[in-house]
Amino acid sequence: MAQWTSAVGAAQLARLLNSQQERPAGPGTRRPPAYRALADGIRLLVLEGRVPVAARLPAERELALSLSVSRTTVAAAYEALRSEGFLESRRGAGSWTAVPAGNPLPARGLEPLPPDALGSMIDLGTASLPAPEPWLTRAVQGALEELPPYAHTHGDYPAGLPALRTTLAERYTARGIPTMPEQIMVTTGAMGAIDAICHLFAGRGERIAVESPSYANILQLMREAGARLVPVAMAEGLTGWDVDRWRQVLRDAAPRLAYVVADFHNPTGALADEDQRRRLVDAARSAGTVLVVDETMSELHLDDGLELPRPVCGFDPAGSTVITVGSASKAFWAGMRIGWVRAAPDVIRSLVVARAYADLGTPVLEQLAVNWLLSTGGWEQAVEVRRGQARENRDALVAAVRRELPSWDFEVPHGGLTLWVRTGGLSGSRLAEAGERVGVRVPSGPRFGVDGAFEGYVRLPFTVGGAVADEAASRLAAAARLVETGASGATETPRTFVA
């Protein structure tokens with residue numbers, strides 16, 4: 001029985017390998033042998049998650065033809081990977097990717113590090129902050145007080161607690177978007193919301209247009225749902241959305257869905273202006289595409305005097321084009337896994353019916369806690385604290401990176417939780433790997449793109465400040481030096497750092 005669970009074609013693997021930008025060798029720098037460079041490239045693809053573990057690799061002759069190298073080079077690269085534990089083979093079954101026992105997967109996902117790794121590793125992989133207190137504790141206490149009547153029921157509310165649906169509808173109405181409770185479904189986080197929307201609207205093989213770059217975990221969710229992702233390039237810096245390009249892609253590709261983060265885009269931090277929002281909705285309506293708008297960052301505006309545009313759904317009064325997704329995870333706390341969908345009532349009904357075959361509903365206690373926050377003013381107070389934390393962290397991280405890595409290029413966003421950084425020609429994948437070795441975890445640019453794009457970028461979240469931000473930048477600089485000298489495979493022992 002074969003040990004592989006998927007396969008990577010020769011052309012696909014060659015395209016992924018060619019996307020890895022190599023920094024030009026400086027004077028006196030020795031280039032590695034061709035087989036070593038090929039082995040390193042495949043290993044990085046595995047560590048990045050762009051080639052999955054247990055994926056069958058092409059035969060040596062096929063890959064050699066696609067890369068225009070000798071079969072001997074490919075055979076030597078495969079043998080090197082086998083000796084390092086990154087490849088397993090069996091006669092008649094081929095060769096498939098593996099990971100050595102105990103080996104970490106740098107930037108494979110953006111999930112938080114386990115607590116036992118936090119003493120020596122600075123985690124820049126996750127754009128989430130600790131819970132704002134005392135509001136979390138107060139919200140849970142308030143929820144417990146409201147719990148007894150619900151405890152006498154079955155506890156399953158597929159559309160969400162009526163009280164929370166009403167509160168969320170009232171908040172949209174207060175923002176100038178008239179909304180009924182029947183237009184709201186409460187979900188288990190924004191990921192749960194988008195997963196439900198994708199399964200309802202975009203079956204396997206359907207096209208979904210996405211920003212390029214876009215939020216890595218959502219891209220992976222869509223891939224695993226079998227979607228065909230159609231990337232639409234973002235404009236440079238914080239200018240955001242090239243709506244003419246969007247109109248052309250929506251017209252030519254006719255995707256069933258399009259996914260955008262119009263408020264402090266993850267990862268670039270761009271904020272779509274009202275004209276971009278209006279034209280984007282018009283383009284989606286004309287193409288017959290459902291526009292899924294992720295508002296999870298919308299309340300994290302960090303600079304005074306910033307004029308915020310209307311929500312995207314405000315340009316779709318009939319409710320036939322835009323589906324809005326919100327969440328408590330970014331503005332309040334990632335551990336509060338409460339999200340929601342705002343859409344036309346018939347869409348909500350369809351989502352609720354489909355949910356019966358998924359998770360049935362969202363935990364009651366957490367819904368009560370969010371409703372307590374939104375109903376008592378605790379939400380506004382907690383989010384204001386969150387903005388202050390993010391602002392201080394952003395400013396500290398920006399200063400530290402500019403000091404330690406002056407060749408890295410970025411624009412400072414006015415909100416959100418992320419900094420999108422061009423790494424001065426260095427490979428983001430190699431930086432991610434070297435960072436793990438010197439004690440800083442950072443996701444590389446290709447995690448946020450489609451088919452190997454953005455190799456020259458990393459994403460830095462505003463999750464550390466003060467002395468920790470200084471140390472994080474220092475470790476990133478150390479990782480950059482390892483990549484520049486071609487020694488990213490060397491191991492340095494990271495210092496234990498206590499904030």
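Residues numbered from 1 in each chain as written. Predicted model: local features only at pLDDT ≥ 70, side-chain atom pairs only at ≥ 80, totals over all residues. Heavy atoms only, no water.

A. Representation of the overall build of the protein chain within the structure. The secondary structure content of the protein chain amounts to 16 helices and 15 strands. A sequence separation of at least 24 residues applies to 75% of the contacts in the protein chain between residues at least 6 apart. Summed over all atoms, the accessible surface of the protein chain reaches about 21100 Å², with 52% contributed by carbon and sulfur. (Helix = DSSP H or I, 4+ residues; strand = E, 2+ residues; numbered from the N terminus. Contact = heavy atoms within 4.5 Å. Areas by Shrake-Rupley, 256 points an atom, 1.4 Å probe, with all protein chains shown as cover.)

B. Up close: helix α1 (residues 10-18). Among the residues of α1, those classed as buried are Ala10, Leu13, Ala14, Leu16 and Leu17. For α1, the angular spread of buried residues about the axis comes to 160°, placing them on one side. Facing away from the buried side of α1 by over 90 degrees, the exposed positions are Ala11 and Asn18. (Buried < 20%, exposed > 50% of the residue type's maximum accessible area, 1.4 Å probe, protein only. Arc of directions from axis to C-beta.)

C. Up close: the nonpolar core. The biggest cluster of nonpolar side chains holds 53 residues, and the ones touching the most others in it are Leu164, Trp246, Leu291, Phe332, Met336 and Trp379. Among the elements that take part in this core, helix α13 (residues 364-376) stands out by supplying 6 residues, more than any other. Beyond its immediate sequence surroundings of up to four residues, Leu291 is in contact with Ala258, Val260, Leu280, Val281, Ala284, Val312, Thr321, Val322 and Ile323. Core analysis: the next-biggest nonpolar cluster, separate from the first, contains 40 residues, Ile122, Leu417, Leu419 and Ala480 among them. (Core = buried A, V, L, I, M, F, W, Y, C linked by side-chain atoms within 4.5 Å.)

D. Highlighting the packing of helix α8 (residues 189-201) against helix α9 (residues 216-224). The N-to-C vectors of α8 and α9 enclose an angle of 30°; their axes lie 10 Å apart at closest approach. Note that α8 runs across α9; the crossing there is right-handed. Every residue of α9 that contacts α8 at Met191, Ile194, Asp195 and Cys198 is listed here: Asn217, Ile218, Leu221 and Met222. Of the residues in the contact of α8 with α9, the class split is 6 nonpolar, 1 polar and 1 charged. (Axes fitted to C-alpha atoms, helices over the stretch in contact; angles between N-to-C directions. Left-handed = near helix turned anticlockwise from the far one by under 90°. Nonpolar A, V, L, I, M, F, W, Y, C, P; charged D, E, K, R; others polar.)

E. Region of the structure containing the sheet that holds strand β11 (residues 322-327). Read across the sheet, 7 strands follow the order β6-β12-β11-β10-β9-β7-β8 without closing on themselves; strand pairing throughout is mixed. The outermost strands of the open sheet, each flanked by one partner alone, are β6 (184-187) and β8 (228-233). Geometrically, the sheet is characterised by an average inter-axis angle of 20° between neighbouring strands, direction not taken into account. Where strand β7 (residues 207-212) lies against β8, 6 bridges are found, and the strand directions are parallel. Considered in β8, the bridge of Ile208 is made with Leu229. (Pairing = 2+ DSSP bridges.)

F. Region of interest: the pairing of strand β10 (residues 290-294). Most of β10 sits out of view: 5 of its 5 residues are buried. Neither face of β10 is open: one carries Val290, Val292 and Asp294, the other Leu291 and Val293, and all of them are buried. Summarising the sheet, strand β9 (residues 257-260) and β10 pair through 4 bridges and their orientation is parallel. Along β10, the bridge assignment pairs Leu257 with Val290. As defined by bridge partners, β10 adjoins β11 across 4 bridges and the pair is classed as parallel. Residue pairing across strands places Asp294 opposite Val325, the latter belonging to β11.

G. Expanded view of unusual backbone geometry. Residue Pro213 is bonded to the preceding Ser212 through a cis peptide linkage, with omega at 10°. Within the secondary structure, Pro213 is located in the loop between β7 and α9. The linkage connecting Asn266 with the following residue, Pro267, adopts the cis geometry, with an omega of 25°. Locating Pro267 in the fold gives a position in the loop between β9 and α11 (274-287). With a phi close to 55°, Phe264 is a non-glycine residue in the positive phi region. Within the secondary structure, Phe264 sits in the loop between β9 and α11.

H. Here's a closer look at the pairing of strand β4 (residues 94-97). In this structure, strand β3 (residues 87-90) lies alongside β4, joined through 4 bridges in antiparallel fashion. Residue pairing for β4: Ser89 is matched across the bridge by Ser95.

I. How the structure looks around the packing of helix α10 (residues 243-253) against α11. At a minimum axis separation of 9 Å, α10 and α11 run at an interaxial angle of 10°. Here α10 is positioned roughly parallel relative to α11, judged by the angle of their axes. Between α10 and α11, the contacting residues are Val243, Asp244, Trp246, Arg247, Leu250 and Arg251 on the first element and Gln276, Arg279, Leu280, Asp282, Ala283, Ala284, Ser286 and Ala287 on the second. A breakdown of the residues in the contact of α10 with α11 according to their chemical character gives 7 nonpolar, 2 polar and 5 charged. (Parallel < 35°, antiparallel > 145°, perpendicular 65-115°, else oblique.)

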